[in-house]
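# Structural overview
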Amino acid sequence: MTDAGAIPTGSFSLRGPYGRRAIGLSVAAAVGGFLFGFDSSVINGAVDSIEGNFELNAVITGFVVAVALLGCAVGAIIAGGLSDRWGRLRVMFLGAIMFFVSSIGSGLTFSVGDLILWRVIGGLGIGIASVVAPAYISEIAPRQIRGGLASLQQLAITLGIFTALLSDAVLAWGAGGASSPLWFGLEAWRWMFLVGVVPAAVYGILAFTVPESPRFLISKGRHDEAKAIFARLIPKADLEQSMRELTKAIEFDKETQGVSLRGPVLGLQSIVWVGIILSVFQQFVGINVIFYYSTTLWQSVGFPESASLGISVVTSITNVLVTLIAIFLVDRVGRKPILLTGSVMMAVSLAFMAICFMFSTTDAEGKVSLDAPWGPIALVAANLFVIGFGASWGPLVWVLLGEIFPSRIRGKALGVAAGAQWIANFLITVSFPAMSAWSLPLTYGMYALFAALSFFYVWLKIPETKGMELEKTETLFVTRPKSAAKTSS
């Protein structure tokens, strides 16, 4: 209580002096999330053109869309070790370079084979960014506002999705169609990829302008540099104590360096499985089907290409707005109530979509149509699903992944959890074209089932971490395994 009295009132609000500085650094790091969102959705407007240009079937089309996610999984898995060895900023720069190269290669692709290669390279960069950004934010954010700052990662992802879908629509409208030539004789769908060089360059430049993570600096013995950075983020009354606590935690980590991710639960520590399961649920509800295939989906139920692109843009705007709501509520309401509410909204809206597509018809060419009132109802349900996800599971899973892991394994565990997220994303994305051709009601019914299961998992397994010190949140998850270990010893 004495420390609290010495700390100026409002220091740790998002509008306070230390909060504003932490926001600035978090926004810079979260540009990696922007690349994540941009890359994951930019192919939305190009899917049909790529399929027609290279004469692909549904299975190959799904693989081309999803293959970047395999690169993301590998990038996420290696990012933790690289960032612990090289530092957060160098790894950020590496991710930016890979995405920059991928954007150019994808835009100038001449065959489906090299397009797959460029997509994988871009995926590696995005996977790296997806791990480094939340780790960096959680390590520089004061605990009082850590939830809101960690949510900036998801806000950046939603802004990346919005920018990608908006640029897709503008380029397609300007050319008269995604397959029509635009500038320098290149089709509009190629320019959809090429514009990715802009955010990649911005991210690369920012990697040279933000300070290194204080935790990484202390781990390398650079205490004075870490203290100078902390002095900008923490009131003087709290500075020495924060330095001591972090130094002590890092020293403990070094003493327990032999401790790996391995554990008694199917070869991993139970806390790692918590992160994996949260990540899998986040993707198995099918959210990225909306952002990867929405233009194709809405065309299939009767909307023209231009209107389908417009609907996708509106959906992405909705996603951004509800993420802002999540940022506002996460440190006030807490993580668990928001996740539970989101699970209910997702399950109900996906169930309605499944019911709507039970009334669809398919013509001789395999084209799906959805007559009124089911088409408009499906459109409303899809946007309610985006609202439910964007205000809960979208941002809060990233918040929890930045909080729940013990510091000694945080980098590696984040990499594994994010890798699981990308693999789950890949499975949903690559399977959707074939599954939707088989049965859209069963496809959306499956997503609704996973949304319902996510409710019970959070209710039974996830404790509240609101307002806790980052180094203490792990105790909520590992108390029982530790006590069991003591008993056995």
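The residue numbers shown here count from 1 along each chain, following its written sequence. Note on the predicted model: pLDDT of at least 70 is required for a residue's local features to be given, and 80 or more for side-chain atom pairs to be given and counted; whole-chain, interface and lining totals, by contrast, use all residues. Calculated side-chain values reflect all of the structure's heavy atoms, with hydrogen atoms and water omitted.

## A look at the overall build of the protein
How we decide: Secondary structure elements follow DSSP: runs of H or I of four or more residues count as helices, runs of E of two or more count as strands, with numbering from the N terminus. Every residue pair with non-hydrogen atoms within 4.5 Å of one another is taken to be in contact. Note that accessible areas follow from Shrake-Rupley with a 1.4 Å probe, and for residues the cover is restricted to the protein chains shown.
Counting secondary structure elements, the protein contains 21 helices and two strands. Summarising the internal contacts of the protein: among those between residues at least 6 apart in sequence, 79% fall at separations of at least 24. When the accessible area of the protein is evaluated, it comes to approximately 19,500 Å², of which 68% is carbon and sulfur surface.

## Things to note about the side chain of Ser-349
Keep this limit in mind: Remark: exposure states derive from per-residue accessible area (1.4 Å probe, protein chains only) relative to the maximum for the residue type, with buried under 20%, exposed over 50%, and partly exposed in between. N or O atoms closer than or at 3.5 Å make up a polar contact, with two conditions inside protein: a donor-capable atom paired with an acceptor-capable one, and, for residues adjacent in sequence, both atoms drawn from side chains.
Inspection of the secondary structure assignment puts Ser-349 in helix H16 (residues 335–357). For Ser-349, a relative accessible area of 4% translates into the label buried. Only 2.8 Å separates the side chain of Ser-349 from the backbone oxygen of Met-345, close enough to count as a polar contact.

## Observations regarding helix H13 (residues 270–284)
We apply this condition: The length a helix should cover is 1.5 Å for every residue beyond the first.
Taking 1.5 Å of rise per residue, the 15 residues of H13 would be expected to cover 21 Å, and the 21 Å separating its terminal C-alpha atoms lies within 8% of that figure. Of all 15 residues in H13, eleven are buried, a share of seventy percent or more. Within the sequence span of H13, burial applies to Ile-271, Val-272, Val-274, Gly-275, Ile-276, Leu-278, Ser-279, Phe-281, Gln-282, Gln-283 and Phe-284.

## A look at the packing of helix H4 (residues 58–86) against helix H6 (residues 112–140)
Note the threshold: Think of each axis as a best-fit line through the C-alpha atoms, taken over the contacting stretch in the case of a helix, with angles from 0 to 180 degrees between the N-to-C directions. Working rule for handedness: look at the near helix, and if it is turned counterclockwise from the far one by less than a right angle, call the crossing left-handed; if clockwise, right-handed. Classification convention: Asp, Glu, Lys, Arg as charged; Ala, Val, Leu, Ile, Met, Phe, Trp, Tyr, Cys, Pro as nonpolar; all other residues, Gly among them, as polar.
Interhelical geometry of H4 versus H6 gives an angle of 40° and a closest axis separation of 5 Å. Here H4 runs over H6; the crossing is right-handed. Of the residues that constitute the contact of H4 with H6, the class distribution is 18 nonpolar, seven polar and one charged.

## Re the packing of aromatic side chains
Ring pairs (aromatic) are described by centroid distance and by the angle formed between their planes. Here is the rule: Under the pairing criterion, centres of Phe, Tyr and Trp rings, with the six-membered ring standing for Trp, must be within 6.5 Å; the plane angle then separates stacked pairs below 30 degrees from edge-to-face pairs above 60, leaving the rest tilted.
The final tally for this structure, using the stated rule, is 17 aromatic pairs. Judged by centre distance (6.3 Å) and plane angle (75°), the ring pair of Phe-54 and Trp-189 falls under edge-to-face. On the criterion of sequence distance, the pair formed by Phe-54 in the loop between helix H3 (47–53) and H4 and Trp-189 in helix H8 (residues 188–194) is long-range, its members being 135 residues apart. When sorted by exposure, Phe-54 lands in the same class as Trp-189, which is buried. Aromatic pair Trp-183 and Trp-191: ring centres 5.2 Å apart, planes at 80°, arrangement edge-to-face.

## Quick word on the nonpolar core
Which entries qualify depends on this criterion: We define a nonpolar core as any set of buried Ala, Val, Leu, Ile, Met, Phe, Trp, Tyr and Cys residues linked to one another through side-chain atoms lying within 4.5 Å.
Counting 141 residues, the largest nonpolar core has Ile-50, Leu-350, Trp-393 and Tyr-444 as the members making the most contacts within it. Among residues more than four places away in sequence, those in contact with Leu-350 are Val-285, Phe-385, Tyr-444, Tyr-447, Ala-448 and Ala-451.

## Observations concerning the confidence of the model for the protein
What counts here: Known as pLDDT, the predictor's confidence for each residue is given on a scale from 0 to 100.
Of the residues in the protein, 81% reach a pLDDT of 70 or more, and the chain-wide mean stands at 78. A low-confidence stretch, residues 1–5 (pLDDT under 50), is modelled with three contacts involving residues beyond four sequence positions or located in other chains. Taken as a whole, residues 479–489 scores under 50 in pLDDT and shows two contacts with residues more than four places along the chain or in a different chain.

## A word on empty space enclosed by the protein
We count it as follows: The definitions used throughout rest on a 1 Å grid laid over the protein atoms alone, on which a cavity is an enclosed set of points accommodating a 1.4 Å probe that cannot get out and a pocket is an open set flanked by protein within 12 Å on both sides along at least five of seven lines; lining residues are those having an atom within 4 Å of a point. Grid points are joined across faces, edges and corners, and a volume is the space filled by probe spheres set on the points.
Evaluated as defined, the whole model comprises four cavities of 30 Å³ or more. In this model, the second largest cavity occupies a volume close to 60 Å³. Lining the second largest cavity, in full, are Phe-38, Asp-39, Val-42, Phe-99, Ser-102, Ser-103, Ser-106, Arg-119 and Phe-193. A per-element tally of the lining of the second largest cavity places helix H5 (residues 88–107) first, with four residues. Across the lining of the second largest cavity, the residue classes break down as four nonpolar, three polar and two charged.

## A word on a nonpolar patch on the surface
Stated formally: The residues that make up patches have over 30% relative accessible area and no salt bridge, and they are joined within 9 Å when like-charged or within 5 Å when they are Val, Leu, Ile, Met, Phe, Trp or Tyr. When a carboxyl oxygen of Asp or Glu lies within 4 Å of a side-chain nitrogen of Lys or Arg, that pair is called a salt bridge.
On the surface, a nonpolar cluster with roughly 600 Å² of combined accessible area is contributed by Phe-93, Ile-97, Phe-100, Val-101, Ile-104, Leu-108 and Phe-208. Secondary-structure assignment places Ile-104 in helix H5. Given the relative accessible area of 33%, Ile-104 is considered partly exposed.

## Describing helix H20 (residues 440–461)
Here H20 spans 31 Å end to end across 22 residues, near enough to the 32 Å set by a 1.5 Å rise per residue. Residues of H20 that are buried: Leu-440, Thr-443, Tyr-444, Tyr-447, Ala-448, Ala-451, Ser-454, Tyr-457 and Val-458. In this structure Ser-439 caps H20, since a side-chain oxygen of it lies 3.2 Å from the backbone nitrogen of Leu-442.

## A short note on the side chain of Thr-429
Considering the arrangement of structural elements, one finds Thr-429 in helix H19 (residues 410–438). A polar contact of 2.7 Å, which involves the side chain of Thr-429, links it to the backbone oxygen of Asn-425.

## Considering the pattern of salt bridges
The tally for this structure, following the rule as stated, stands at two salt bridges. For Glu-187, the salt bridge is made with Arg-190, and the minimal N-O distance between the two is 3.0 Å. The pair formed by Glu-187 and Arg-190 is uniform in burial state, with each residue classed as buried. For Arg-222, the salt bridge identified is with Glu-225, shortest N-O distance 3.0 Å.

## Observations concerning unusual backbone geometry
One non-glycine residue, Phe-184, lies in positive phi territory at about 55°. Here Phe-184 lies in the loop between helix H7 (146–175) and H8.

## Some details on the environment of Ile-140
Relative to the helices and strands, Ile-140 resides in helix H6. Ile-140 sits 115 residues away from Leu-25 along the chain, and the two C-alpha atoms are 8.0 Å apart. Residue contacts for Ile-140: discarding those within four places in its chain leaves Ala-22, Leu-25, Ser-26, Ser-213, Pro-214 and Leu-233.

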